[in-house]
Amino acid sequence: MSVVIDEYAILRDVMRILATASEPSAPTTPILEHLRQMTGAKSASMLIFDEPRSLFVVGMNEADMPADSALTQLAKELPYGIHHQLDVPTPQYDSWIFAQIRVKENIVGAVCLFFDGQHQISNHHHPAIESLIDSLTICATHIRLVARHEKLGRNQSEFMRIVSHDLRSPLTSIQGFASMLEAGSVGELNSQQEHFVEKILSGISQMTSLVENFQDAGRYDPETGFYEMQRKPCDVGEIIRKIVSNHIVPAEKQELNLKTQIEDDLPIIFADSNMLERAIINLVDNAIKYTPNGREIIVQALRNGDSVHIAVKDNGLGISPENQKLLFERHVRIARTEHKRVKGSGLGLFIVRSVARRHGGEAWVESEEGNGSTFFIKVPIGEVNM
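Residues numbered from 1 in each chain as written. Predicted model: local features only at pLDDT ≥ 70, side-chain atom pairs only at ≥ 80, totals over all residues. Heavy atoms only, no water.

### Concerning the pairing of strand β4 (residues 95-103)
No. 1: Where burial is concerned, most of β4 is hidden: eight out of the nine residues are buried.
No. 2: Bridge count for strand β3 (residues 82-84) against β4 is three bridges, and the pairing is antiparallel. Paired with histidine 84 across the strands is isoleucine 97, a residue of β4.
No. 3: The hairpin turn running from β4 into strand β5 (residues 106-115), its antiparallel successor, is two residues long, and lysine 104 in that turn takes a positive phi close to 55°. (Buried < 20%, exposed > 50% of the residue type's maximum accessible area, 1.4 Å probe, protein only. Helix = DSSP H or I, 4+ residues; strand = E, 2+ residues; numbered from the N terminus. Pairing = 2+ DSSP bridges.)

### Side note on the packing of helix α2 (residues 28-39) against helix α4 (residues 126-182)
No. 1: As a packed pair, α2 and α4 sit with axes 10 Å apart at the nearest point and diverge in direction by 160°. In terms of axis orientation, α2 runs roughly antiparallel to α4. By crossing handedness, the relation of α2 to α4 is classed as left-handed. On α4, the residues touching Thr28, Ile31, Leu32, His34, Leu35, Met38 and Thr39 of α2 are Ala128, Ile129, Leu132, Ile133, Ser135, Leu136, Cys139 and Ile143.
No. 2: Here the residues of the contact of α2 with α4 are counted per class, giving 11 nonpolar, four polar and no charged. (Axes fitted to C-alpha atoms, helices over the stretch in contact; angles between N-to-C directions. Parallel < 35°, antiparallel > 145°, perpendicular 65-115°, else oblique. Left-handed = near helix turned anticlockwise from the far one by under 90°. Contact = heavy atoms within 4.5 Å. Nonpolar A, V, L, I, M, F, W, Y, C, P; charged D, E, K, R; others polar.)

### A few points about the sheet that holds β4
No. 1: Read across the open sheet, the five strands follow the order β2-β1-β5-β4-β3; overall the sheet is antiparallel. The sheet is open, and its two borders are formed by β2 (54-58) and β3, each paired with just one other strand. Shown here is a sheet whose adjacent strand axes are inclined to one another by a mean of 15°, direction ignored.
No. 2: Relative to β5, β4 runs antiparallel, the two sharing nine bridges. The partner of alanine 99 across the bridge, within β5, is valine 111.
No. 3: Sheet contacts for α2: β1 (43-48), β2 and β5; angle to β2, the most-contacted strand, approximately 45°.

### Quick look at α2
No. 1: For α2, which comprises 12 residues, the first-to-last C-alpha distance of 17 Å matches the rise-based estimate of 16 Å (1.5 Å per residue) to within 8%.
No. 2: For α2, the full list of buried residues reads Thr28, Ile31, Leu32, His34, Leu35, Met38 and Thr39. Taken down its axis, α2 places every buried residue within 155° of arc, on the same side.
No. 3: Elements that come into contact with the buried residues of α2 comprise α1 (7-20), β1, β2, β5 and α4.
No. 4: Of the residues trailing α2, glycine 40 is marked for its positive phi of about 80°. (Expected span 1.5 Å × (residues − 1). Arc of directions from axis to C-beta.)

These results come straight from atomic positions and should not be treated as a statement about function.
Now the structure itself:
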């Protein structure tokens with residue numbers, strides 16, 4: 001009795017799998033199973049040779065697969081297409097079907113079907129088989145792209161970690177000697193020399209802040225970060241008071257009124273206090289840098305349901321809805337004539353969002369052009385953010 005294969009139903013199912021898959025490798029196994037059933041093969045497999053090496057098998061054990069080296073060599077020797085009844089010794093199987101996976105003319109893998117006994121595939125099925133192999137090629141392409149993206153992310157984080165570490169020592173040395181000059185330890189300075197030393201120390205402060213942001217962006221990133229969080233009971237109000245106290249002098253230089261609004265009986269949260277402090281510092285620094293002289297900045301903390309909301313509200317120029325969507329991305333800075341003298345790496349808000357997400361929360365902004373902005377960090381209460 002012959003089995004009727006509804007190829008259109010299979011292809012519709014495969015398209016649905018490709019469209020709804022949560023990750024690139026997820027569709028591979030069900031597509032291989034469809035290919036195995038359509039051809040009557042005992043087993044089906046897809047091998048990506050490298051970047052990264054990946055093997056997907058249905059119908060047999062991985063140990064029964066021919067060696068990678070044999071499949072790689074075969075893929076390089078054969079012309080592009082589907083090859084039947086190849087005269088290649090295979091102890092476990094009498095015959096097989098082999099097809100290359102090519103990406104941008106490069107051979108990156110192979111699809112193999114293994115049969116018990118001599119087996120012929122009807123020419124009628126060839127278009128459907130080719131479509132399934134094309135679908136597997138799409139999967140292989142996405143797997144390789146994701147792997148490359150992850151590798152680039154890891155390389156970038158490692159590079160920034162090394163650079164940040166190596167810059168800290170000379171910066172500390174330069175700051176120490178410049179501070180000695182400012183204090184008059186090597187003789188009294190005239191007014192011009194004092195001005196130069198002040199500029200040197202200001203530049204060192206900017207570079208130190210930049211190095212810290214590079215370091216934090218790399219280690220706090222939810223996708224590629226290597227930092228291991230140290231969660232413990234944390235008093236958000238105390239952290240905010242400390243930060244605001246340390247920023248009073250920079251705010252006064254711009255005639256800014258920097259104050260706090262901490263809700264009474266604010267609950268203790270289970271968080272990494274160092275990460276949270278760095279995030280709030282970035283928000284306060286930004287508010288001071290981007291708020292025109294003579295205006296007000298308020299740092300707030302309040303309970304909202306099962307979370308604590310930390311907010312930094314300014315009376316600045318506001319942000320358009322289009323730019324609000326970009327603010328928390330890495331290295332994004334909104335170009336405005338009024339802010340052309342403000343220095344920065346575009347990492348501060350990326351760090352803020354990374355810290356919030358590592359705690360199981362979120363970061364966002366509410367703003368209207370001309371009416372200032374309020375930046376929020378949401379952190380769950382208790383141990384729900386583990």
